[in-house]
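Residues per chain, in single letters:
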Amino acid sequence: MIAVTGASGQLGRLVIQALLGTVPANQVVAIVRDVSKAEDLRASGVQVRQGDYSQPATLATALQGVKKVLLVSSSEIGQRLEQHKNVVQAAKNAGVELIAYTSILHADTSPLLLAQEHIATEQLIRDSGLSFVFLRNAWYIENYFSAVGTALQTGKVFGAAGDGKFSAASRADFAAAAAEALTGHDQGSKIYELAGDQAFTLAELAATLAELSGKPVVYVNYAETEYQDLLVSFGLPEGFAHILAQSDTGAAQGGLYDGSGQLSKLIQRPTATLRSVLQAHLATV
């Protein structure tokens, strides 16, 4: 059996869908914190099991009989390492044969603060002795959906990345890669640097929005602290605003760029383009 943690989340659901293309539904386990949010998965024939990263006893039960597991990284920044430790220990105790983990692009050399918990989790998994696959994901293009409305209203995309390039891809692309890693042969001790085929700057993001919407949109670059203050003024918590602003300056240093094409090779097709993903999104707003 193959299990996916965080299976009711946006990435987890897409991984489940990708797995169902080749794996019988009764051999797929969706591990979720709240089973009431996964009735659609249960209806598709998938086994739905309750498992909370912060409650080790639930993880022990959820992973019984599982051979491979995808650990989708926790969204709770600052608490991730302890939560991931609980999953890894439960996987080891349950006799899991392979653990795949959604890390961050170039985690071991990344200038992004976000990388710290990821590289610590990678080391935790190495130390566990479990066979592993590290899926070092770049940014999701969907990360920018929240900025689209503001951009179309104000005519501005805000950031602190300068001319830094983002090798972003769609969430579905990364989900397909995870499914391939979980079902492929000889995946032990593999590290994939997963990124989109066509990198873009935030100025190019603004230009693409302008083209698709027919409205003037330009990129406005800030210093990191100024961008952080702007995000706080938009209502973001200060700690999260700091992480986002520092991620942009990390991108300016090349932290979110990769030109190796490993993602498209793994999923055996080109990755989605910025234009196609934004166009589909704009059709829904």
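The notes below deal with the structure included here. Residue numbers here run from 1 along each chain, matching the order of that chain's written sequence. Only residues with pLDDT of 70 or above have their local features reported here, since the model is predicted, and side-chain atom pairs are shown and tallied only from 80 upward, although totals for entire chains, interfaces and linings are computed over all residues. Side-chain metrics rest on all non-hydrogen atoms present in the structure, leaving aside hydrogens and water.

Looking at the sheet that holds strand E2 (residues 28–32)
Spatially, seven strands are ordered E3-E2-E1-E4-E5-E6-E8 in an open sheet, and the strand pairing comes out parallel. With partners counted over all chains shown, the strands left at the sheet margins are strand E3 (47–50) and strand E8 (190–194), one partner each. Shown here is a sheet whose adjacent strand axes are inclined to one another by a mean of 20°, direction ignored. In this structure, strand E5 (residues 98–104) lies alongside strand E6 (residues 131–137), joined through seven bridges in parallel fashion. Looking across to E6, one finds that leucine 98 is bridged to serine 131. Should DSSP find at least two bridges between two strands, the strands are regarded as paired. By the criteria applied, helices consist of DSSP H or I runs no shorter than four residues and strands consist of E runs no shorter than two, each listed in order from the N terminus. All axes are obtained by fitting lines to C-alpha atoms, using only the stretch in contact for helices, and the reported angles, taken between N-to-C directions, cover 0 to 180 degrees.

Looking at the pairing of E2
When a residue's accessible area, from a 1.4 Å probe over protein chains only, is under 20% of the maximum for its type it is buried; when over 50% it is exposed; and in between it is partly exposed. Along E2, five of the five residues are buried, which leaves the element largely enclosed by surrounding structure. Because side chains alternate across E2, one face comprises the buried residues Val28, Ala30 and Val32, and the other comprises Val29 and Ile31, equally buried. In this structure, strand E1 (residues 2–5) lies alongside E2, joined through four bridges in parallel fashion. When the sheet's bridge partners are listed, threonine 5 is paired in E2 with isoleucine 31. By the criterion used throughout, a crossover qualifies as right-handed when its path from the first strand across the helix to the second strand runs clockwise, the strands pointing away from the viewer. Crossover connection from E1 via helix H1 (residues 10–19) to parallel E2: handedness right-handed. Pairing geometry for E2 and E3, over four bridges, is parallel. The partner of isoleucine 31 across the bridge, within E3, is arginine 49.

Some details on the pattern of salt bridges
For this document, the term salt bridge refers to a Lys or Arg side-chain nitrogen within 4 Å of an Asp or Glu carboxyl oxygen. This structure, assessed with the given rule, holds nine salt bridges. When the shortest N-O distance is used, the salt bridge between glutamate 39 and arginine 42 registers 3.6 Å. One end of the pair, glutamate 39, and the other, arginine 42, are both in helix H2 (residues 39–43), three residues apart, so they sit about a helical turn from each other. For glutamate 193, the salt bridge identified is with arginine 136, shortest N-O distance 2.8 Å. Of the two residues, glutamate 193 is situated in strand E8 and arginine 136 in strand E6; the sequence distance between them amounts to 57 residues. One exposure class covers both glutamate 193 and arginine 136, and it is buried. Here the salt bridges do not stand alone but share partners, grouping Asp108, Glu122, Arg136 and Glu193 into one network.

Remember that the coordinates give geometry; whether it matters functionally is a separate question.
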